[in-house]
Amino acid sequence: MEPVDGNAIGGLLLSVFGAEMTAAVGTCASCGATGPVAEFVVYLRGPGTVVRCRSCTAVLMVFTEVRGITCVDLTGLANLTSPST
Amino acid sequence: MAGTAVRGRLNWQLANVGSVTDETARVRTITLDAPDWPEHRAGQHLDVRLTADDGYRAERSYSIASAPGEPLAITVERLDDGEVSPYLADELMAGDELELRGPIGGYFVWSAADGGPLLLMAGGSGIVPLRAMLRERQRSGSTVPARLLYSSRSWDDVIYRAELSGYDATVVHTLTRAQPAGWTGYARRVDERMLAEVAWPASEAALAYVCGPTSFVEAVATGLVRLGYPPERVKTERFGATGG
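If you're wondering where the values come from, they're calculated on a predicted model, not measured in any experiment.

Draft legend 1. View of the nonpolar core. All names here are of chain B. Grouped together as the largest cluster of nonpolar side chains are 82 residues, with contacts concentrated most on Leu 120, Met 121, Leu 130, Ala 208, Tyr 209, Val 210 and Val 220. In this structure, this core is formed jointly by two domains, domain 1 (13-104) and domain 2 (112-238), each of which donates at least three residues. Residues within four places of Leu 130 in sequence aside, it is in contact with Leu 120, Ala 122, Leu 148, Tyr 209 and Cys 211.

What follows is the structure, given as structure tokens:
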């Protein structure tokens, strides 16, 4: 399955965080690479949505929906900063 | 904003399909009348949600094809193994209702205040958000110079073909699989030599937007950085070889 990028999950992120997050900047907890969420590698057809680091491929974020509740795992991120809008 | 909308929340809403226009044999543009739609920015997306009779739901994200202030429109390519695009590209008709939410995204966006010069790089239906940027540039009266390099399989696959020749911008096509008789333009995938010939020199400090299949975006973004573009001036959007 070919990945897309963080632009494709702007709606999901907006519904989870309540803010525009594709321009937010994240730092990979594994390798320290920093970049906009829009540049993250995204696998849409999981089960769930898996977001990986473009530099080291470590898992940064996982979103799964179970009975209408979205479960969010952000442990792969050392930092996630939303630009002030 | 509608009285019932919760601030900061992204609400699904029903839109009416206004018109449906064929762009190519596989691509069409759908205008949408969404009463509570906030003004979007060129390059942003919207999400479409389809619900089957048994309750099964599928969502997909589409780039908005229109400029801010214009009637909301998306341009959809039919992907034969897709869950959503065959319905949108084949069955949807004017007067139908469609569930959507948005606008979405704050990274792959352009407005006149962002300046330029603009370098727009499109692969296939990656032209859609870049077309919104060209329309916004024209609508806002921006004098930022713009160049578009657009890679398509064949002349018949070029989306917005007539419209693109009408912008005050340099438009360069490359046709990767088939070319009409007498074609003198590029006839190969975008490579570094083509980028060096078409792109603004790095000294112009251009702002580049690259949208298309993942392999196209990787090749173009890497090539531009090698030509001296700072990575933060190369904005990318990848939609994968199989969308939906």
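Structure shown, so let's carry the discussion forward.
Draft legend 2. View of the sheet that holds strand E2 (residues 25-28) of chain A. All names here are of chain A. Strand order in this open sheet of three strands is E3-E2-E8, and the pairing throughout is antiparallel. The strands lining the two open edges of the sheet, one partner per strand, are strand E3 (34-36) and strand E8 (77-81). Adjacent strand axes in the sheet meet at a mean angle of 20 degrees, parallel and antiparallel pairs treated alike. Of the pairings in the sheet, the one linking E2 to E8 comprises four bridges and is antiparallel in character.

Draft legend 3. Summary view of the interface of chain A and chain B. Across the contact, 18 residues belong to chain A and 21 residues belong to chain B. Broken down by secondary-structure element, the contributors of at least two residues to the side of chain A that touches chain B are strand E1 (4-5) and helix H1 (10-17) of chain A. With four residues, H1 of chain A is the largest single contributor of residues to the side of chain A that touches chain B. When grouped by side-chain class, the residues that make up the side of chain A that touches chain B number eight nonpolar, six polar and four charged.

Draft legend 4. View of helix H5 (residues 214-226) of chain B. Residue and element names in this part refer to chain B. Taking 1.5 Å of rise per residue, 13 residues should cover 18 Å, and H5 covers 18 Å from first to last C-alpha, within 8% of that figure. All of the buried residues along H5 are Phe 216, Val 217, Ala 219, Val 220, Ala 221, Gly 223 and Leu 224. Among the structural elements, strand E7 (118-123), strand E8 (146-152), helix H4 (192-198), strand E10 (207-212) and strand E11 (234-238) are those in contact with the buried residues of H5.

Draft legend 5. Here's a closer look at the confidence of the model for chain B. Averaged over all residues, the pLDDT of chain B is 92; the fraction at 70 or higher stands at 94%. For this predicted complex, the interface confidence reaches an ipTM of 0.91, while the overall pTM sits at 0.93.

Draft legend 6. Up close: the sheet that holds strand E4 (residues 57-63) of chain B. Taken together, six strands build an open sheet; the order of strands is E4-E3-E6-E1-E2-E5 (chain B) and the sheet is antiparallel. Looking at which strands have only one partner, the edges of the open sheet turn out to be E4 and strand E5 (72-77) of chain B. Going from strand to strand, the sheet's axes swing by 40 degrees on average, the running direction of each strand aside. Sheet analysis places strand E3 (residues 45-51) of chain B next to E4 of chain B, joined by seven bridges and oriented antiparallel. Bridge pairing links Arg 49 of chain B to Glu 59 of chain B in E4 of chain B. Contacting E3, E4 and strand E6 (97-104) of chain B, H1 of chain A crosses the sheet at an angle of about 75 degrees to E6 of chain B.

Each value, and the rule that gives it
Residues numbered from 1 in each chain as written. Chains lettered and ligands numbered in written order. Predicted model: local features only at pLDDT ≥ 70, side-chain atom pairs only at ≥ 80, totals over all residues. Core = buried A, V, L, I, M, F, W, Y, C linked by C-beta atoms within 7 Å. Buried ≥ 20, exposed ≤ 12 C-beta atoms within 10 Å, placed from the backbone. Domains from an automatic or database assignment. Contact = placed C-beta atoms within 7 Å. Pairing = 2+ DSSP bridges. Helix = DSSP H or I, 4+ residues; strand = E, 2+ residues; numbered from the N terminus. Axes fitted to C-alpha atoms, helices over the stretch in contact; angles between N-to-C directions. Nonpolar A, V, L, I, M, F, W, Y, C, P; charged D, E, K, R; others polar. Expected span 1.5 Å × (residues − 1). pLDDT = per-residue confidence, 0-100.

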